[in-house]
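# A closer look at the structure
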Amino acid sequence: MTTSTVLLTPIAPPALDELCINTLRFLAVDIVQKANSGHPGLPLGSAAMAYTLWDRLLKFNPRDPLWPDRDRFLLSAGHGCALLYALLHVTGFDLPLEELERFRQWGSRTPGHPEYEKTAGVEATTGPLGQGFADAVGMAIAEVSLATRFNRPGHIIVDHYTYVLASDGDLEEGISSEAGSVAGHLRLGKLIVLYANNHITIEGSTELAFTEYRMARFAAFGWHVQHVEQSNDVDAVESALRAAQQEMGRPSIIAVRTHIGFGSPHKQDTAAAHGEPLGVEEVRLTKEGLGWPVAPLFHIPDEALEHFREAISRGGAAQKDWKLRFQAYGDEYPDQAAEFKRVIASELPKDWDASLPVFTSANGPMATRIASGKTIEVLASHLPELMGGSADLAPSTHTNMEGAGNFEPENWAGHNMHFGIREHAMGAILNGMALHRGLIPYGGNFLVFSDYMRPPMRLAAMNHLPVIYVFTHDGLAMGEDGPTHQPVEQLLGLRSIPGMVVLRPADANETVAAWRIAIGRKKGPVALVLTRQGLPVLDLARYPGIPVGVPLGGYVLVDCDAGIQPDIILIATGSEVHLALESRDRLATENIQVRVVSVPSTNIFSAQSDEYRDKVLTPGVRLLVIEAGVSLGWRSYVGSQIAVIAVDTFGASAPGPVVMEHYGFTVDNICSRVRHLLLETQRKS
Ligand SMILES: Cc1ncc(C[n+]2csc(CCOP(=O)(O)OP(=O)(O)O)c2C)c(N)n1
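Note that the structure is a prediction, hence the values are computed from the model and not measured.

### Details of the overall build of the protein chain
Helix and strand content of the protein chain: 25 helices and 20 strands. Here the C-alpha atoms of the protein chain give a radius of gyration of 28 Å, agreeing with the 26 Å that 2.2 N^0.38 yields for 685 residues. For the protein chain, the C-alpha atoms occupy an extent of roughly 90 × 60 × 45 Å along the three principal directions. Looking at the protein chain residue by residue over its 685 residues, the buried ones come to 61%. Accessible area for the protein chain stands at about 25400 Å²; split by element, carbon and sulfur atoms hold 53% of it. Averaging the positions of the 56 positive and the 77 negative side-chain charges in the protein chain gives two centres separated by 4 Å.

In structure tokens:
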């Protein structure tokens, strides 16, 4: 596509507004042009509506970007971040002009897509389309949950909106349907989406692949739907936003007809405006067309800057008003005020873990999912910020908190969430809840379907979000449902996400220790991987190393007698640990000295000192790993001198014990492998 009809929309905003909007447009254009990389089209088309929101409605304080009762703004179409960086700079956030000039460069605060914690005012890392949209649903859930918990008559201390700027790609991605359905069902009236309806994606017109009546979809989800025909009509955008604010019973979406690359004579309304700089000549023509000086670059007229910077006094006043209200709240409800501060700061209450369960062998056999459920019950009674649920699997994942009530439409006091069978949205909603702060979110699922929620899990890890996943039915032993339901590669897949801590406890007591780690980890997600089937309970009287060992990721569960060097070290995780223990007992009768090492978390274990790891896995001793998952990866955790009993194919449909037997997860097979390995070692020596 080359030229297009230049569609300069007839409605021009009042002069000062226009000056400000053009400031944003051309800052974004120059940001991208200077970097010679990035996306100018969305900023040109969406600047007017973003300006309207930020100038007339958004409650924020550039001088205190994390003030708890600020409105949240998510640029779900993260590729358009030049617009966000321009907004942050002109309104007075800590983002100097030099940072705009260093867009997409090493070490800058203006990365290629917005990154949480890197840039003040960026509420979430966005870029994978659809994620920001679903994060926002989680944020709106957090808002209404905290408002219900903390507000009192005459004392409203939690009261903010969550706004999203979303693009065609965001709405095409399935996650926006999942999350939109959740939001509509929950009647999240304070969620407001501006949809940049520009009819263009990378390959060309949306006619190529996106022809449904999008807004009918959202109406069907129970959303309040509005249309604005001219994105440059700031008054129309404002009145739609105000109507959306008034609509408290439904989330709102406003389809705003925007024009990608607005004002660019040869690129407006074409895919060419989407993802590459306009080019020096086209920048010149665009600036001239909109009456903007071609030079200097990064031009910010004083009048516009002055107007934008009113955000500082406006935001300061709004925050001051909130502080006064919070003070009055604290005078009347000192305990609640202290509690609010605690949860927003992600502090744990004193003694939160004092009454966690201790299981004895008499409690066994017990599935680790059951032990987890019992632990959740106790945690819930100490941690009112714990909030979570499952993707329609709570009776299996044991993630329900007895007595905590359901989080339901217009009954937002409950803490048990019902995400429905929407794993992808669940993952992102949990992220949004964590990003909002004030809650400890968790989500339950079968381990095999963690694949359905991998993109948000990756973002949780990237953003160091304290989200907890409860993944049950963790291996071949889940049995009859067959290979579609038997995870084999998921453990490795999760372990491979940088910053994700995966814990696969061996029994009920290791499960409690794993939960202790999960709750205590304030930065970064934790995946708990749990069994469906019952397992013997490792009595703390006999295995006192558990509470100290689990936090180290791997530890000696049972060693040889003092002074005796093991012939072999069996390394196992989760349900395979008890097979290792039984094998040890049998091999002892043959005078084979076995050490059993439990490795609930390879991630944590590999972060220990060499000295500690050498103590656990004595160099020179043969190692045999037993884990019902793929073998790939083990060498990197424990070195090259290992043998592995693992599963490098898919599973099969049959009762769990039968499948485990066929795949070699039996004491007989483990013992014969040990004998074979020791013979091999003898022959070599
Ligand atoms: C999950 C995901 N898939 C693919 C991409 C690559 N991508 C970036 S923008 C885009 C689509 C652009 O269309 P639209 O969302 O309408 O944005 P606009 O063209 O208006 O800037 C795609 C496919 C992505 N960022 N995320």
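### Some words on the sheet that holds strand β14 (residues 526-529)
Ordered in space as β10-β9-β11-β12-β14-β13, the 6 strands form an open sheet in which the pairing is parallel. Strands with a single pairing partner mark the edges of an open sheet, and in this sheet they are β10 (416-418) and β13 (501-503). Each neighbouring strand pair of the sheet contributes to a mean axis angle of 20°, computed without reference to strand direction. Here strand β11 (residues 440-446) pairs with strand β12 (residues 468-472) via 5 bridges, running parallel. When the bridges of β12 are listed, tyrosine 442 appears paired with isoleucine 468. Seen against the sheet, helix α18 (residues 508-520) touches β9 (386-390), β11, β12, β13 and β14 and runs at an angle of roughly 150° to β12.

### Regarding the site of the ligand
Around the ligand sit 15 residues, and of these His79, Gly127, Ser167, Gly169 and Asn198 come closest. Contact between the ligand and leucine 129: a nitrogen atom at 3.0 Å from a main-chain N or O atom of the residue. Taking histidine 274, its side chain carries an N or O atom lying 2.9 Å from an oxygen atom of the ligand. Relative to its unbound accessible surface of 570 Å², the ligand loses 74% to contact with the protein. Of all the secondary structure elements, the ones that give two or more residues to the shell around the ligand are α6 (168-172) and β4 (200-201). Classifying every residue of the shell around the ligand by side-chain character gives 6 nonpolar, 7 polar and 2 charged.

### Some words on a negative patch on the surface
A cluster of acidic residues, Asp302, Glu303, Glu306 and Glu310, forms a negative patch on the protein surface. Secondary-structure assignment places glutamate 306 in helix α11 (residues 302-332). Under the relative-accessibility criterion, glutamate 306 is labelled exposed at 61%.

### A short note on the environment of isoleucine 260
Tracing the chain through its elements places isoleucine 260 in the loop between β7 (252-257) and α10 (280-289). Its relative accessible area of 3% is what places isoleucine 260 among the buried residues. Residues in contact with isoleucine 260, not counting those within four places in the same chain, are Gly41, Leu42, Asn198, Ile200, Lys267, Gln268, Asp269, Thr270, Ala273 and His274.

### Some remarks on the pairing of β14
On β14, burial covers both faces: Val526 and Leu528 on one face and Ala527 and Val529 on the other are all buried. Across 4 bridges, the pairing between β12 and β14 is parallel. The residue bridging isoleucine 468 from the neighbouring strand is valine 526, located in β14. When β13 meets β14, the two strands line up parallel, connected through 3 bridges. Of the residues in β14, the one forming a bridge with valine 501 is valine 526. Handedness of the crossover joining β13 and β14 through α18 is recorded here as right-handed.

### A closer look at the pattern of salt bridges
A side chain of one charge can pair with a side chain of the opposite charge if their charged atoms are brought near each other. Across all of its chains, the model carries 34 salt bridges by this definition. A salt bridge links lysine 287 to aspartate 30; its shortest N-O distance comes to 2.9 Å. Of this pair, lysine 287 sits in helix α10 while aspartate 30 sits in helix α1 (residues 15-35), placing them 257 residues apart in sequence. This pair shows no difference in class: lysine 287 is buried, exactly as aspartate 30 is. In this structure, the salt-bridge partner of arginine 342 is glutamate 385, at a minimum N-O distance of 2.7 Å. Of this pair, arginine 342 sits in helix α12 (residues 334-344) while glutamate 385 sits in the loop between α13 (368-382) and β9; the two residues are 43 residues apart in sequence, bridging distant segments of the chain. Through salt bridges that share partners, Asp17, Arg56, Asp235, Glu238 and Arg242 make up one connected network.

### Structural notes on the side chain of aspartate 168
Examined against the element boundaries, aspartate 168 turns out to sit in helix α6. Judged by its relative accessible area of 1%, aspartate 168 is buried. Of note is the side chain of aspartate 168, whose polar atom sits 2.5 Å from the side chain of tyrosine 195. With residues up to four places along the chain from it excluded, the contact list for aspartate 168 reads Tyr195, Ala196, Asn197, Asn198, His199, Ile200, Thr201, Thr206, Phe210 and Arg214.

### Digging into the sheet that holds strand β2 (residues 162-166)
The 5 strands are arranged β1-β2-β3-β7-β6 in an open sheet whose pairing can be described as parallel. In this open sheet, the two edge strands, each paired with only one partner strand, are β1 (72-75) and β6 (224-228). With direction set aside, neighbouring strand axes in the sheet form an average angle of 15°. Sheet analysis places β1 next to β2, joined by 4 bridges and oriented parallel. From the neighbouring strand, leucine 74 faces β2, where its bridge partner is valine 164.

### Topic: the packing of helix α2 (residues 41-56) against helix α9 (residues 234-246)
Remark: α2 packs on α9, axes separated minimally by 9 Å, with the N-to-C direction vectors making an angle of 55°. Taken together, the axes of α2 and α9 are oblique relative to one another. Once α2 is placed against α9, the crossing between them reads as right-handed. When α2 is examined against α9, the residues Ala48, Met49, Tyr51, Thr52, Leu53 and Arg56 are found in contact with a partner set consisting of Val234, Asp235, Val237, Glu238, Leu241 and Arg242.

### Here we look at unusual backbone geometry
The omega torsion of the bond from alanine 295 to proline 296 falls at -5°, within 30 degrees of zero and hence cis. Within the element layout of this structure, proline 296 appears in the loop between α10 and α11. In this structure, proline 365 follows glycine 364 across a cis peptide bond, with omega equal to -10°. Along the chain, proline 365 turns up in the loop between α12 and β8 (366-367). A positive phi angle, close to 55°, is found at phenylalanine 298, a residue other than glycine. Mapped onto the elements, phenylalanine 298 comes out in the loop between α10 and α11.

Rules used in this analysis
- Residues numbered from 1 in each chain as written.
- Predicted model: local features only at pLDDT ≥ 70, side-chain atom pairs only at ≥ 80, totals over all residues.
- Heavy atoms only, no water.
- Helix = DSSP H or I, 4+ residues; strand = E, 2+ residues; numbered from the N terminus.
- Rg over C-alpha atoms; globule rule 2.2 N^0.38 Å.
- Buried < 20%, exposed > 50% of the residue type's maximum accessible area, 1.4 Å probe, protein only.
- Areas by Shrake-Rupley, 256 points an atom, 1.4 Å probe, with all protein chains shown as cover.
- Lys, Arg positive; Asp, Glu negative; His and termini not counted.
- Charge placed at Lys NZ, Arg CZ, Asp CG, Glu CD.
- Pairing = 2+ DSSP bridges.
- Axes fitted to C-alpha atoms, helices over the stretch in contact; angles between N-to-C directions.
- Contact = heavy atoms within 4.5 Å.
- Near = heavy atom within 4 Å.
- Polar contact = N/O pair within 3.5 Å; in protein donor to acceptor, adjacent residues only side chain to side chain.
- Nonpolar A, V, L, I, M, F, W, Y, C, P; charged D, E, K, R; others polar.
- Patch = residues over 30% accessible without salt bridge, like charges linked within 9 Å, V, L, I, M, F, W, Y side chains within 5 Å.
- Salt bridge = Lys/Arg side-chain N within 4 Å of Asp/Glu carboxyl O.
- Right-handed = clockwise from strand over helix to strand, strands pointing away.
- Parallel < 35°, antiparallel > 145°, perpendicular 65-115°, else oblique.
- Left-handed = near helix turned anticlockwise from the far one by under 90°.

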